[in-house]
Amino acid sequence: MKKKLIGLVAAVLLLLQGCSFENIMQDDLLMTVQDQETISAAEYAYRDVTTLRVPVGESTLNPYRMVTDTSLRVVPLLYDSLVKLNLSYGYDLCIASQIHLQGTSCTVTLRPDILFWDGTPLTAEDVQYSYRQAVGTQNQYTQQLSHVTGVRVLSDTQLLFSLKEADVLFANLLTFPIMKNGSAADPVGSGRYRIAEEELLERNQHWYKGDSGKIQRIRLVQQPDRETGFYSMKIGSLDYLFVDLDETVAETGGSIHYVPMPYLLYIGINDSRARFSDQRFRQMLAAAVDGGELLENAYYDRARQTSYPFPADWGELTGFAAGQSQDFERVQALMAELGLDNRDDEGYIIMGARRVPVNILVNSDNSAKLQIAWTLQETLRSIGLDATVSSVPFSEYQERVAARQYDLYIGEVKLKDNLDLTSLFTVWLQQTEPANQQTLEAYNQWRQGTGSLSAFLDSFSSAVPFIPIGTRSGTIYYNREIYYDLSATAQDVFFNIQDW
């Protein structure tokens, strides 16, 4: 209590002295997560919040014309989609009432009771119009629909999506916002809130799940950048701010909630180099790695370990074994098979008269990735490998990864809503080791519906084309007066606002 009183007096003195924006935004604003203080309910009298102030980065509310991530975060409030991603990276039906996927065709049946803000019914033509908006110009949703070749209206409540190739998780991509046919200039949606006036949203009385929740209005506040958002939270002109960063947690005087994100952190392996072309050597590396330790040292509690190339919370992984975990007995057994049992006086493995080197490439501009590289270096040295770290600027890092100028590298990739690993194929397709090629084939068979997820995961765990570490989280900063039970996903950071 004494500490808080001193802080209050200091804050008053600063105000009396006419402190500037820069003074307020000094080192005390950004802090590591260990130092984040929380205020218990016993110390603070909560009250119901009915108006929520959230940031936007531009004036347009047309989702297909937005360019800032800040503005795109409010899209799910205004526009429902055919499906909505849930907390297990699966989907829940929203505007769609049924989805039938067969090969390269996906038939979607709509709920008959969906109304737009203006009371007019939502039909298949509105969905087709929205799809054309998504693919007509480059926007946030263009890439996720890139392997759709066309959308045909079958009736007022049914459409047919045609695909370039089969994808068992295609339904996860039906998250693009649905707007009324012809309303691009003055957009109309069917979401939980409607545009009441400029920079003000009100609850949509026509929303298909009914008018519920305590948040009646949402005030949109223009925020040009992240630092301004932190400052606005600190002085109380914002109530809710999502930040998709991985460096530090800011002190804003409010509360925080972590949002699991589909950012896969992994250790890339160059199988074109002699030692790493041996499947047993890659298995040995995977057995030596403790993903939990790597994440804890870099992200504290803002990341979740995974042994597979998918988020650990993905519902489809339920029932599967935990996967590869740190196992020093297996490390020693594999080293013996590989003939790595001679050591020098310092405990390093030697082949002939030389130590076995392993170089780890990392982006020097990212402190969390650097910490992962350093921790991994210590781990590999502990089992006798002469591990070193090459930290280089991001541009050079990208060039060296593309040219395969590394032994290992610390990587991160954002998975799409369907958890597609295609973005890793740039590295994967460069690999020529037979076990890795077989794993790639098992992956393609599963995605196309001719193979099983189990077969792919077994092949992946055996071949070890790369080593998954985990997925990191984003952060919601919110007004401490909001005591409601928050849930949020990467697609919708206001996931359960209707239940607050």
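Attention in this report is confined to the structure presented alongside it. Keep in mind the model is a prediction, meaning the values are calculated, not measured.

## Focus on the sheet that holds strand E7 (residues 148-155)
So, point 1. In space, the four strands of this open sheet follow the order E5-E6-E8-E7, with antiparallel pairing throughout. Every interior strand has two partners, whereas the edge strands, strand E5 (96-102) and E7, have only one. Strand-to-strand twist in this sheet, taken as the mean axis angle between neighbours without regard to direction, amounts to 20°.
So, point 2. As paired strands, E5 and strand E6 (residues 105-110) are joined by six bridges and run antiparallel to one another. Looking at E6, one finds that glutamine 98 is bridged to threonine 109.
So, point 3. In the packing of helix H5 (residues 124-136) onto the sheet, the strands contacted are E6, E7 and strand E8 (158-163), and the crossing angle to E7 comes to about 165°.

## Digging into the packing of helix H7 (residues 279-288) against helix H9 (residues 328-338)
So, point 1. Where H7 meets H9, the axes come as close as 8 Å, and the angle between the chain directions of the two elements is 160°. Classified by the interaxial angle, the pair formed by H7 and H9 is roughly antiparallel. Taken as a pair, H7 and H9 cross one another with a handedness that is left-handed. Taken together, the residues of H9 that come into contact with H7 (itself represented by Arg280, Phe281, Gln283, Met284, Ala287 and Ala288) are Phe328, Arg330, Val331, Leu334, Met335, Glu337 and Leu338.

## As for the packing of aromatic side chains
So, point 1. On inspection of all chains with the given rule, the structure shows 25 aromatic pairs.
So, point 2. Aromatic side chains tyrosine 79 and tryptophan 117 sit 6.0 Å apart centroid to centroid with 40° between the ring planes, which places their arrangement in the tilted category. With a gap of 38 residues between them, tyrosine 79 in the loop between helix H4 (75-78) and strand E3 (83-85) and tryptophan 117 in the loop between E6 and H5 connect regions that are remote in the sequence. For the pair tyrosine 79 and tryptophan 117, one class covers both residues: buried.
So, point 3. Their ring planes at 65° and their centres at 6.5 Å tell us that phenylalanine 161 and phenylalanine 176 sit as a pair that is edge-to-face. Note that phenylalanine 161 is positioned in strand E8 and phenylalanine 176 in the loop between E8 and strand E9 (193-197), a separation of 15 residues in sequence. We note that phenylalanine 161, like phenylalanine 176, is buried.

Cut-offs applied
Residues numbered from 1 in each chain as written. Predicted model: local features only at pLDDT ≥ 70, side-chain atom pairs only at ≥ 80, totals over all residues. Heavy atoms only, no water. Pairing = 2+ DSSP bridges. Helix = DSSP H or I, 4+ residues; strand = E, 2+ residues; numbered from the N terminus. Axes fitted to C-alpha atoms, helices over the stretch in contact; angles between N-to-C directions. Contact = heavy atoms within 4.5 Å. Parallel < 35°, antiparallel > 145°, perpendicular 65-115°, else oblique. Left-handed = near helix turned anticlockwise from the far one by under 90°. Phe/Tyr/Trp six-rings, centres within 6.5 Å; stacked < 30°, edge-to-face > 60°. Buried < 20%, exposed > 50% of the residue type's maximum accessible area, 1.4 Å probe, protein only.

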